[in-house]
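What the coordinates show
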Amino acid sequence: MNTAFGSILFMVSFLVGARRWMQHSVTCAFVHPRHQNPQGRVAGVAGSSRRSVATSEESGSGSAAQQDGDDDGSRYIPPWSMPKREKSAASYARFRQHINPLSRRFQMPTDLPENWPHSDFQDINLPLYLDIGCAKGGFLLELAGRRHGKQMDINDDTFMNATKSYDDTTSDWLPSQMNYLGLEIRPGVSQYAQARVDKRGLSGILSFVGCNANVDLGRLLTLYQGSSNKNDGDSNRPAFVSIQFPDPHFKKAHNKRRVVTPQLVTTLAQFMREGDVVFLQSDIKEALEAMRDRFVEDDGAHFFREKLVLNNDAEDHEYAMINPLGIPTERELSVINKGLPVYRTLFLRNDVPFQIQNP
């Protein structure tokens, strides 16, 4: 009897131990030690590079490891700092169109050269043209190239050849001398745009930065204004800001991913001066109105006023405004060629001074 009872007890103990061993093995199979940070929390893995990124506790203005000076902070790499992949020229036309800007890795601050903006601009005392969501940079390349006599005949550049018939009306809105900065959240796209700058002879005038504008815009503008030897905040402020054809994020659950947020509007109000311009356009009316709503509510209503430059020759809708710059974007050109409407509006910074609120 005692022998039988002992055998049963042994088998139960064996099965319990085997179950615990199997659970541990499964966990180890899915969570390799190199994917854990020193505190044992599992870090996300960014794409095929298999580099870990910040966990939810470490997202925000930077990872906890970076903020605490942890030596292992270097393992949390912003997506824009990942090594470039070798691509053929044809493959550059195929970029991912949609990303989630609220995902942990896109909430990380981007890496900048230690001496930015001096590394990218020859004269940092000039006002700034800021294009948020610049895509592959065709619009800014054409805009800066025309205004600085750097146009080039590139036979295989369909966009540049198509824009030659459009008049440049930027002199009505922009200072004669400016720097140009494009922000793009998709890493491969921003790298491709920056690679085109040298080819067009626009180094020192035009630059592209891969980042999430809702994370890095304040830091970028603070560095840009702080680098001026005039220190008045008026000479090198963002004098003209364009947000053109952003991802509409149609699904209601995805509306919070849209680029124009109350935080973005407040940041622009802080750095812009009276008369400076924010230009919005989209081929989707709902997307344009979502952007516009941010500028007619809260801080937007307090610091900006709307100004519509109506186009009497256009179809009759409330956003039938002419493009104040004349030069279209790649998306805009495609929409126009299809005979579809483009919805536009424009806001001017008023004279209300921005007061930084103490925490």
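In this report, the structure presented in the accompanying data block is examined. Remember, it's a predicted structure, so these values are computed and weren't measured experimentally. (Residues numbered from 1 in each chain as written. Predicted model: local features only at pLDDT ≥ 70, side-chain atom pairs only at ≥ 80, totals over all residues. Heavy atoms only, no water.)

This paragraph deals with the packing of aromatic side chains. Per the counting criterion, the structure on display carries eight aromatic pairs. Ring centres 5.9 Å apart and planes at 85 degrees place the aromatic pair Phe121 and Tyr224 in the edge-to-face group. With Phe121 in the loop between helix H2 (64–67) and strand S3 (128–132) and Tyr224 in helix H6 (residues 213–226), this residue pair connects regions lying 103 residues apart in the sequence. The exposure class of Tyr224 is buried, given its relative accessible area of 1%. Consider the rings of Phe295 and Phe304, whose centres lie 5.2 Å apart with planes at 80 degrees: the pair is edge-to-face. One exposure class covers both Phe295 and Phe304, and it is buried. Here the aromatic residues Tyr129, Phe139, Tyr180 and Phe240 are joined through ring pairs into a cluster of three or more. (Phe/Tyr/Trp six-rings, centres within 6.5 Å; stacked < 30°, edge-to-face > 60°. Helix = DSSP H or I, 4+ residues; strand = E, 2+ residues; numbered from the N terminus. Buried < 20%, exposed > 50% of the residue type's maximum accessible area, 1.4 Å probe, protein only.)

The next point concerns helix H8 (residues 285–295). Ala287, Leu288, Ala290, Met291 and Phe295 are the residues of H8 that are buried. Considered in projection along H8, the buried side chains sweep an arc of 160 degrees and stay on one side of the axis. (Arc of directions from axis to C-beta.)

Let us look at the packing of H6 against helix H7 (residues 262–271). Between H6 and H7, whose axes approach to 9 Å, the crossing angle comes to 10 degrees. Here H7 runs roughly parallel to H6, going by the angle between their axes. The residues of H7 that touch H6, namely those facing Ala213, Asn214, Leu217, Gly218, Leu221, Thr222 and Gln225, are Gln263, Leu264, Thr267, Leu268 and Phe271. When the residues that make up the contact of H6 with H7 are grouped by side-chain class, the tally is six nonpolar, six polar and no charged. (Axes fitted to C-alpha atoms, helices over the stretch in contact; angles between N-to-C directions. Parallel < 35°, antiparallel > 145°, perpendicular 65-115°, else oblique. Contact = heavy atoms within 4.5 Å. Nonpolar A, V, L, I, M, F, W, Y, C, P; charged D, E, K, R; others polar.)

What follows concerns the nonpolar core. Ranked by internal contacts, the top residues of the largest apolar core, which has 35 residues, are Ile132, Leu183, Leu268, Val278, Phe295 and Phe304. Sorting the residues of this core by element identifies S3, strand S4 (179–184), H6, strand S6 (238–244), H7, strand S7 (277–282), H8 and strand S9 (343–349) as the ones contributing at least two each. Apart from residues no more than four positions distant in its own chain, Leu268 is found in contact with Leu130, Leu217, Val241, Val278, Phe295 and Phe304. Within the second largest apolar cluster, 25 residues are counted, among which are Ala193, Val197, Leu202 and Leu325. (Core = buried A, V, L, I, M, F, W, Y, C linked by side-chain atoms within 4.5 Å.)

What links the strands of a sheet is backbone hydrogen bonding, and the strands pair in either a parallel or an antiparallel sense. With mixed pairing, the seven strands of this open sheet are ordered in space as S5-S4-S3-S6-S7-S9-S8. Only two strands of the sheet have a single neighbouring strand rather than two, namely strand S5 (206–210) and strand S8 (304–306). Here the average twist between neighbouring strands, direction ignored, is 20 degrees. Note that S7 and S9 share six bridges and pair antiparallel. Bridge pairing in S9 places Val278 opposite Phe347. Of the strands in this sheet, S3, S4 and S6 touch H6, which is tilted by about 170 degrees from S3. (Pairing = 2+ DSSP bridges.)

With that settled, consider the pattern of salt bridges. Counted by the stated rule, this structure contains ten salt bridges. Salt-bridge contacts for Arg344 lead to Glu332; the nearest nitrogen and oxygen are separated by 2.7 Å. Placement of Arg344 in strand S9 and of Glu332 in helix H10 (residues 330–337) is noted, with a sequence separation of twelve residues between them. (Salt bridge = Lys/Arg side-chain N within 4 Å of Asp/Glu carboxyl O.)

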